[in-house]
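# Results of the structural survey
For reference, the chains in residue letters:
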Amino acid sequence: MPATDLVTAELTLTGRLTTASNATFLGTIGDAVVVYKPVAGEAPLWDFPDGALAYREVAAYLISEALGWSVVPRTWLRDGPLGEGMVQLWQEQDPAQRAVDLVPTADLPGSGWRSVLEGEDQSGQSITLAHEDTPALRRMAVFDLIVNNADRKGDHILAMADGHRYGVDHGLTFHHEHKLRTVLWGWLGEALTDEERDGIDRVGDGLRGELGRDLAELLSADEIAALIARCAQLRASGRFPAPSGEMPAVPWPLF
C-alpha cells in the first residue's frame, strides 16, 4: 500500500486491546493491520502533560529512524474514528521466542543471557530477571537511554522470527527529568560499540537539522533540550550508565 494511503485512507477498527492502560485499538487501513491509540483515550498522568502520549510515540519513531536501527515500527499521527491519535504498523511476534524472561536462577544459561535482578517466587525459589545478550536488544537499550524511556517492560519488546526486536508503547518518554525505568540493565558499565556511538552521532546531527524541526512539533523546548543533553552525556561517557535518581530502576509490573 502506498505510504500516503496510510495517512489518508479509511481506518477501520477491528478490536480493542483491553490490557492496555490507555484506549488501544486494532484496525486496518486497506491491507495493513495497525494499532490505533486516540489522544481522547489517554488516561491523565501526574508527571506527563495531558494529551501528549501519542506525540511522544511518534517522536520515539523519529529517533528510531535517525538511529537507523528500526527499533520502533512505523508510527505516525492521523485522524481516526475516535479523533486524532497515534497509528503504528502491527508486528506479529514469534511466540516461540522471548527476549526477556523470569527463570529459575539455577536454570539461567551460562552464556547468551544477562542477569538484571534476583528474587524469590511464591514458593521461595530463587528466580532471576534476565534478557538475551544480542546486538538487537543492546540497540534497544541505547534507544531507551536516548528517549528517557520510563516504561520498558518485558512485554514491550516484540521478538520477531528473524531475530529482529521491536520496541512498542513509547508514550512515557522524553520527560525533561530523569525517568529511565527498564528491564534492560544487563550491560551496565560496558563500553558502547562503534555502531552504537555512530547511531548516537546520527541523532545528534539530526537534532541540529530536520529531526530537530520535526520534534519541535511534538515535544516541548525543555524536552528537546534534555534530549540533546542526554545524547551528549551518553556520547561523552561512552558507556551504559548505572541506575540513578530516586525513581525505581525497573518498571512495575515487569511484564
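Quick summary incoming for the structure in this document. (Residues numbered from 1 in each chain as written. Predicted model: local features only at pLDDT ≥ 70, side-chain atom pairs only at ≥ 80, totals over all residues. Heavy atoms only, no water.)

## Quick look at the overall build of the protein
For the protein, the helix and strand inventory stands at six helices and ten strands. Here the C-alpha atoms of the protein give a radius of gyration of 18 Å, agreeing with the 18 Å that 2.2 N^0.38 yields for 255 residues. Within the protein, residue pairs in contact and separated by at least 24 positions form 66% of the contacts whose partners lie at least 6 positions apart. For the protein, the exposed surface amounts to about 12,200 Å²; the carbon and sulfur share of it is 52%. Taken as two groups, the 21 positive and 38 negative side-chain charges of the protein have centres that lie 4 Å from each other. (Helix = DSSP H or I, 4+ residues; strand = E, 2+ residues; numbered from the N terminus. Rg over C-alpha atoms; globule rule 2.2 N^0.38 Å. Contact = heavy atoms within 4.5 Å. Areas by Shrake-Rupley, 256 points an atom, 1.4 Å probe, with all protein chains shown as cover. Lys, Arg positive; Asp, Glu negative; His and termini not counted. Charge placed at Lys NZ, Arg CZ, Asp CG, Glu CD.)

## Some words on helix α3 (residues 135–147)
Counted at 1.5 Å a residue, the expected span for α3 with its 13 residues is 18 Å, and the 19 Å between its end C-alpha atoms agrees. The buried count for α3 comes to twelve of 13 residues, which makes it a mostly enclosed element. Within α3, burial applies to Ala 136, Leu 137, Arg 138, Arg 139, Met 140, Ala 141, Val 142, Phe 143, Asp 144, Leu 145, Ile 146 and Val 147. Looking at the buried side of α3, the elements it contacts are α2 (53–67), β8 (126–132), β9 (157–159), β10 (165–167), α4 (194–207) and α6 (221–237). One or two residues past the end of α3 sits Asn 148, with phi positive at roughly 60°. (Expected span 1.5 Å × (residues − 1). Buried < 20%, exposed > 50% of the residue type's maximum accessible area, 1.4 Å probe, protein only.)

## Re the pairing of strand β2 (residues 25–29)
Where burial is concerned, the two faces of β2 differ: the one with Phe 25, Gly 27 and Ile 29 is buried and the one with Leu 26 and Thr 28 is not. Sheet topology note: the strand β1 (residues 12–16)/β2 ladder contains four bridges and is antiparallel. In the sheet register, Arg 16 faces β2, and the bridge partner there is Phe 25. Sheet topology note: the β2/strand β3 (residues 32–38) ladder contains five bridges and is antiparallel. Counterpart to Phe 25 in the pairing with β3 is Tyr 36. (Pairing = 2+ DSSP bridges.)

## As for the pattern of salt bridges
Taken as a whole, this structure holds 17 salt bridges when the rule is applied. The salt bridge involving Arg 138 is made with Glu 190; its shortest N-O contact spans 3.4 Å. Note that Arg 138 is positioned in helix α3 and Glu 190 in the loop between β10 and α4, a separation of 52 residues in sequence. For Arg 138, a relative accessible area of 10% gives the class buried. In this structure Glu 190 comes out as partly exposed when scored by relative accessible area, which is 28%. (Salt bridge = Lys/Arg side-chain N within 4 Å of Asp/Glu carboxyl O.)

## Things to note about the sheet that holds strand β4 (residues 75–80)
Here we have five strands laid out as an open sheet, ordered β1-β2-β3-β5-β4, and antiparallel in their pairing. Because the sheet does not close on itself, it has two edges, and the strands there are β1 and β4. Strand-to-strand twist in this sheet, taken as the mean axis angle between neighbours without regard to direction, amounts to 40°. α2 contacts β3, β4 and β5 (83–89) of the sheet and is inclined by roughly 145° relative to β4. (Axes fitted to C-alpha atoms, helices over the stretch in contact; angles between N-to-C directions.)

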